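# Examination of the molecular architecture
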Amino acid sequence: MTTTARAHTNIALIKYWGKRNANLILPYTSSVSLTLDDFYTDTTVAFDSDLTADTFVLDGNPQPAPKVSAFLDLVRAQAKLNQFARVTSVNHVPTAAGLASSASAYAALALAASRDAGLSLSSLELSRLARRGSGSASRSIFGGLAIWHRGEDDLTSFAEALPETRLPLRMVVVMVDAGPKPVSSRQLMANTVATSPYFSAWVENNEQAAGEMVNALATADFTRVGELTEQSSARMHAAIFASAPAFTYFQPATLQVWHAVQTMRAQGIPAYATMDAGPNVKILTLAPAVEAVKAALPEFQDRLLVAGPGPATKVLEEAR
Ligand code: DP6
């Protein structure tokens, strides 16, 4: 059997930052995200009794596969299967966007591998499985808006789709720097938990914000959706900055974009900034305002991408 699945990346409106169980990837707080249309990963998995090890090829280049193998071990255990697999992935994410994420990677791998191993998992079960590869991948199983419930344990920590909002949400991605990440986000996340005196405040506030976000989306209150989005990101980065050693993903141009977003709002343009584990800024706005947002960033004209809501993870092809 050979199975190919496609998963789209997602951007968190309410961020996930901090694991209370690193092995099971159980988060300190719930998070809320928007799956994006243009950025996705296609992954093909073939379990094969002739193989003597797992193999992994990413964008045409053979890669060492310890993380992929560890993830496949979870699938093998669930399926009671004793075979290695050939894994091939292609990222359809503009590499310069800094969006190449583990979210689409592990969501696609969870679906392709589980199906190829003969399992037929529900979306909830797929989300729990994808979570074990990368926390944010739990949300990419779903299209549009999703909430990852922090849960109490492995069984209760999974994402699910939120009702579609009436808001025509768009993300304008501003590519500040396309270079490689200076610090692995996984390591930095653990260090924030261990050393930032602001971490407990972040947890308390962000869990409440997740609940508020669900209401703001349901009532199509874009101002509140935007405020909560910007605050969750700003507070996450504040907690990171306060870690020991102090660290920030902000670059001069990152700050320039945040200021531009403040100016946009002062001019009546609905725009709110959010950032993940890198210096690029994503501006949350509404479809009718996209052109105004772009026009307000004259220095970044050749470094803008616009994305809208994208679909759920799906099987593209199954061959015997
Ligand atoms: C800043 O899901 O990449 O993008 O679970 O260690 O693989 P691991 O982390 P990952 O972290 C994403 C953090 C974030 C915020 C978010 O997507 O919620």
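By convention here, each chain's residues receive numbers from 1 onward along its written sequence. Reporting in this predicted model follows two pLDDT cut-offs: at least 70 for local features of residues, and 80 or more for side-chain atom pairs to be given and counted; totals over whole chains, interfaces and linings ignore these cut-offs and use all residues. The basis for every side-chain value is the complete set of non-hydrogen atoms in the structure, without hydrogens or water.

## Overview of the domain arrangement of the protein
So the rule is basically this: All domain edges in this entry derive from an automatic or database-based domain assignment. Note on contacts: a residue pair qualifies if any of its non-hydrogen atoms lie within 4.5 Å across the two residues. Buried surface area refers to the total accessible area, computed with a probe of radius 1.4 Å, that the two partners give up upon joining, counted for both partners together. What makes a salt bridge here is a side-chain nitrogen of Lys or Arg within 4 Å of a carboxyl oxygen of Asp or Glu, nothing more. Two N or O atoms form a polar contact when they lie within 3.5 Å of each other; inside protein one atom must be a possible hydrogen donor and the other a possible acceptor, and for residues adjacent in sequence the pair counts only when both atoms belong to side chains. A run of H or I in DSSP becomes a helix once it reaches four residues, and a run of E becomes a strand once it reaches two; helices and strands are each numbered from the N terminus.
Segmenting the protein into domains produces domain 1 (2-165) and domain 2 (169-307). The C-alpha-based centres of domain 1 and domain 2 are spaced at 23 Å. Domain 1 puts 32 residues into the contact, and the matching count from domain 2 is 38 residues. Interface area, domain 1 with domain 2, both sides summed: about 2900 Å², of which 72% is carbon and sulfur. When residues of domain 1 are sorted by the area they lose upon contact with domain 2, Leu 13, Lys 15 and Trp 17 head the list and together hold 31% of the total. Counting across the interface, domain 1 meets domain 2 through one salt bridge. The tally of links from domain 1 across to domain 2 stands at ten residue pairs in polar contact (both at pLDDT 80 or more). Contributions of two or more residues to the side of domain 1 that touches domain 2 are made by β1 (2-14), β4 (31-48) and β8 (145-148).

## Overview of the site of the ligand
Applied cut-off: If even one non-hydrogen atom of a residue comes within 4 Å of a molecule or strand, that residue is called near it. We get accessible surface area from the Shrake-Rupley algorithm with a probe of 1.4 Å; when it comes to residues, only the shown protein chains can shield them. Note that Gly is not counted as nonpolar here; it falls among the polar residues with everything else outside the nonpolar set of Ala, Val, Leu, Ile, Met, Phe, Trp, Tyr, Cys and Pro and the charged set of Asp, Glu, Lys and Arg.
By nearness alone, 16 residues border the ligand, and Tyr 16, Lys 19, Ser 134, Gly 135 and Ser 136 come closest of all. Lys 19 places a side-chain nitrogen or oxygen 2.6 Å from an oxygen atom of the ligand. Here an oxygen atom of the ligand sits 2.7 Å away from a polar atom, N or O, in the main chain of Gly 135. In isolation the ligand offers 460 Å² of accessible surface; the protein chains occlude 92% of this area. Along the lines of polarity and charge, the residues of the shell around the ligand split into seven nonpolar, four polar and five charged. Inspection of the shell around the ligand shows a minimum of three residues originating in each of domain 1 (2-165) and domain 2 (169-307).

## Notes on the confidence of the model for the protein
Worth spelling out the cut-off: In predicted models, pLDDT denotes the confidence assigned by the predictor to each residue on a 0 to 100 scale.
Per-residue pLDDT for the protein has a mean of 96; in total, 98% of the residues score no lower than 70. For this predicted complex, the interface confidence score (ipTM) comes to 0.99, while the overall pTM stands at 0.97.

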